[in-house]
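Structural description and commentary
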Amino acid sequence: MASLGFTPQINSSVAEFPATRLRRRQSCGSSRNRVGFRVFAQAAAEPDLSVTVNGLTMPNPFVIGSGPPGTNYIVMKRAFDEGWGAVIAKTVSLDAAKVVNVTPRYARLKAGPNGSTKGQIIGWQNIELISDRPLEIMLKEFKQLKERILIASIMEEYNKAGWEELIDRVEQTGIDAIEVNFSCPHGMPERKMGAAVGQDCALLEEVCGWINAKATVPVWAKMTPNITDITQPARVALQNGCEGIAAINTIMSVMGINLDTLRPEPCVEGYSTPGGYSAKAVHPIALAKVMSIGKMMKQEFQDKEYSLSAIGGVETGADAAEFILLGANTVQVCTGVMMHGYGLVKKLCSELQEFMKKHNFSSIEEFRGSSLEYFTTHMDLVRRQQEAIRERKAVKKGLQSDKDWTGDGFVTETESMVSN
Ligand SMILES: Cc1cc2nc3c(=O)[nH]c(=O)nc-3n(C[C@H](O)[C@H](O)[C@H](O)COP(=O)(O)O)c2cc1C
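As a starting point, this report considers the structure included with it. (Residues numbered from 1 in each chain as written. Predicted model: local features only at pLDDT ≥ 70, side-chain atom pairs only at ≥ 80, totals over all residues.)

A negative phi angle characterises most non-glycine residues, just as the trans form characterises most peptide bonds. Note that the residue after alanine 247, namely isoleucine 248, is joined by a cis bond; omega there is 15 degrees. Residue proline 266 follows glutamate 265 across a cis peptide bond; omega there is -10 degrees. By the element assignment, proline 266 lies in the loop between strand S13 (264–265) and strand S14 (275–278). Positioned with a positive phi, asparagine 54 is a non-glycine residue whose angle comes to about 50 degrees. Along the chain, the position of asparagine 54 falls in the loop between strand S1 (51–53) and strand S2 (56–58). Asparagine 54 sits in the buried class, given 20 other C-beta atoms within 10 Å. (Helix = DSSP H or I, 4+ residues; strand = E, 2+ residues; numbered from the N terminus. Buried ≥ 20, exposed ≤ 12 C-beta atoms within 10 Å, placed from the backbone.)

Structure, rendered in structure tokens:
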């Protein structure tokens, strides 16, 4: 993707949008009817960045991904004030006392010119767990933010009553949608939480059944990339009542080994544990996963109002455009915000608009999913290339013989005969 110019011009201040909210309670089992009804006025800027996802209209497709940038009221409010289309709060569970974090919990990979390790951060590893703040406090803060599009991220143990209680409590705050964290790569697999569910389709089917029988707002299933075929759990989630897929969570990683101490990083009292990798370095992997899910959704769920929220290494409007070209309705950013701050959204919006102007796209829907059709099998690439070579050979290039010489440019005319 060519680099895109930065022209600050977004004028879609969230403060201008009305805060009216209507919510339809769904009848049990008919999850497809669950749509949010928060409708914002469209941004005046052209091209139009606004998107409507599962009935929720956002001024732009940029959503704060669950993590530190959505950890409390202050930072979430800041995200809205800067103009983010929506915020997904840090994942909550019923009992925050069971969530015990360690320090340090981050490690960074830097890369500069000629292999220097002193350059910009390209990879970020964390061994951070879900929110360790008491649920009651998080819920109180959700209520304070209810004029904006707020999505609660939730994760619970393998216990139907627990999931039902958590859903009930987060919904009472007035959140607009739920993202279910089926993808946290570390921390609590022994409690059948996070990726332990997203990596087991039978478990996922059962838990999605519980969740979607209870939830009355749209539900997105957040997928782990730490699995052979990400389309399998994504399909199960959609077949079992979820309205959307979010992908990817972090990629299982070991950031490195300190060659002086021989200890792994990040090092906690001399020891470490594999963590989750994010930021620029994961973007190509995220593109591949989103492409697979986008293709699957197009082929198998096209006629339904399902949504795809893409995540992984987004720092520019070009990164976002790539995800949208693979079928994403919204684009989440987590580590990018940790590195560049909440104001990043203005750059993302203007760069995405520049891309749209270049191609004369006036809305996101106009180009969403447009690149999916260009992915095929390797066998098909071979067939296409052989066909193209045959066609090129069939086209006679250059002069056929000496009798065709014009007398202008003897060298060029002579060489053109070689290719015949
Ligand atoms: C420090 C940190 C904490 C995170 N915590 C959560 C979390 O609580 N819940 C969740 O669903 N994802 C969490 N994530 C994953 C991100 O939401 C996102 O899926 C991933 O980092 C890839 O996107 P990015 O490259 O934009 O960060 C966390 C990521 C980081 C870096």
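Moving on, we get to the sheet that holds strand S10 (residues 244–247). With respect to topology, eight strands assemble into a closed barrel ordered S3-S4-S7-S8-S9-S10-S15-S16, the strand pairing being parallel. Put simply, the sheet's adjacent strands are angled 25 degrees from each other on average, direction ignored. Where strand S9 (residues 219–222) meets S10, three bridges bridge the pair, whose relative direction is parallel. Bridge pairing in S10 places alanine 221 opposite isoleucine 245. (Pairing = 2+ DSSP bridges. Axes fitted to C-alpha atoms, helices over the stretch in contact; angles between N-to-C directions.)

Attention now moves to the sheet that holds strand S6 (residues 120–126). Strands sit in the order S5-S6-S14-S11 across an open sheet of four strands; the sheet is antiparallel. Each edge of the sheet is formed by a strand with only one pairing partner; in this case those strands are strand S5 (106–111) and strand S11 (251–253). For this sheet, the mean inter-axis angle between neighbouring strands, taken without regard to orientation, is 40 degrees. Examined bridge by bridge, S11 and S14 share three bridges and lie antiparallel to one another. Counted as the bridge partner of serine 253 is glycine 275 from S14.

Around the ligand sit 27 residues in total, of which Gly65, Gly67, Ser278, Cys334 and Thr335 are the nearest. Those elements that place two or more of their residues in the shell around the ligand are S6 and helix H9 (335–340). Looking at the shell around the ligand residue by residue, the classes come out as ten nonpolar, 14 polar and three charged. (Near = placed C-beta within 6 Å. Nonpolar A, V, L, I, M, F, W, Y, C, P; charged D, E, K, R; others polar.)

Our focus in this paragraph is the packing of helix H5 (residues 201–214) against helix H6 (residues 231–239). As a packed pair, H5 and H6 sit with axes 9 Å apart at the nearest point and diverge in direction by 25 degrees. Between H5 and H6, the interaxial angle falls into the category roughly parallel. Of the two elements, H5 crosses H6, and the hand of that crossing is right-handed. Touching Cys201, Leu204, Glu205 and Cys208 of H5 are Gln232, Pro233, Val236 and Ala237, all from H6. Taken together, the residues that form the contact of H5 with H6 break down as six nonpolar, one polar and one charged. (Parallel < 35°, antiparallel > 145°, perpendicular 65-115°, else oblique. Left-handed = near helix turned anticlockwise from the far one by under 90°. Contact = placed C-beta atoms within 7 Å.)

Axes are the key here: two packed helices are described by the angle between their axes and the distance separating the axes. Axis separation between helix H8 (residues 317–325) and helix H10 (residues 344–358) bottoms out at 8 Å; the angle between their running directions is 60 degrees. In terms of orientation, H8 lies oblique with respect to H10. Relative to H10, H8 is oriented so that their crossing is right-handed. Residues Gly317, Ala318, Ala320 and Ala321 of H8 form the contact with H10, whose participating residues are Leu348, Ser350, Glu351, Leu352, Glu354 and Phe355.

In terms of residue burial, strand S8 (residues 177–181) counts as a mostly covered element, since five of its five residues are buried. In the sheet, strand S7 (residues 150–154) pairs with S8 via four bridges, with the strands oriented parallel. Bridge pairing in S8 places isoleucine 154 opposite valine 180. A crossover links S7 with its parallel partner S8, the connecting element being helix H3 (residues 160–171), and its sense is right-handed. Relative to S9, S8 runs parallel, the two being bridged by four bridges. Among the inter-strand pairings, glutamate 179 is bridged to a residue of S9, identified as tryptophan 220. (Right-handed = clockwise from strand over helix to strand, strands pointing away.)

Two faces, one strand: in a regular strand the side chains alternate between the faces of the sheet. The alternating pattern of strand S16 (residues 330–333) places Thr330 and Gln332 and Val331 and Val333 on opposite faces, both of which are buried. Across three bridges, the pairing between strand S3 (residues 62–64) and S16 is parallel. Bridge pairing in S16 links valine 63 to glutamine 332. Judged from the three bridges that link them, strand S15 (residues 307–311) and S16 form a sheet pairing that is parallel. Pairing of isoleucine 311 across the sheet is with glutamine 332, part of S16. The parallel pair S15 and S16 is bridged by H8, and the resulting crossover is right-handed.

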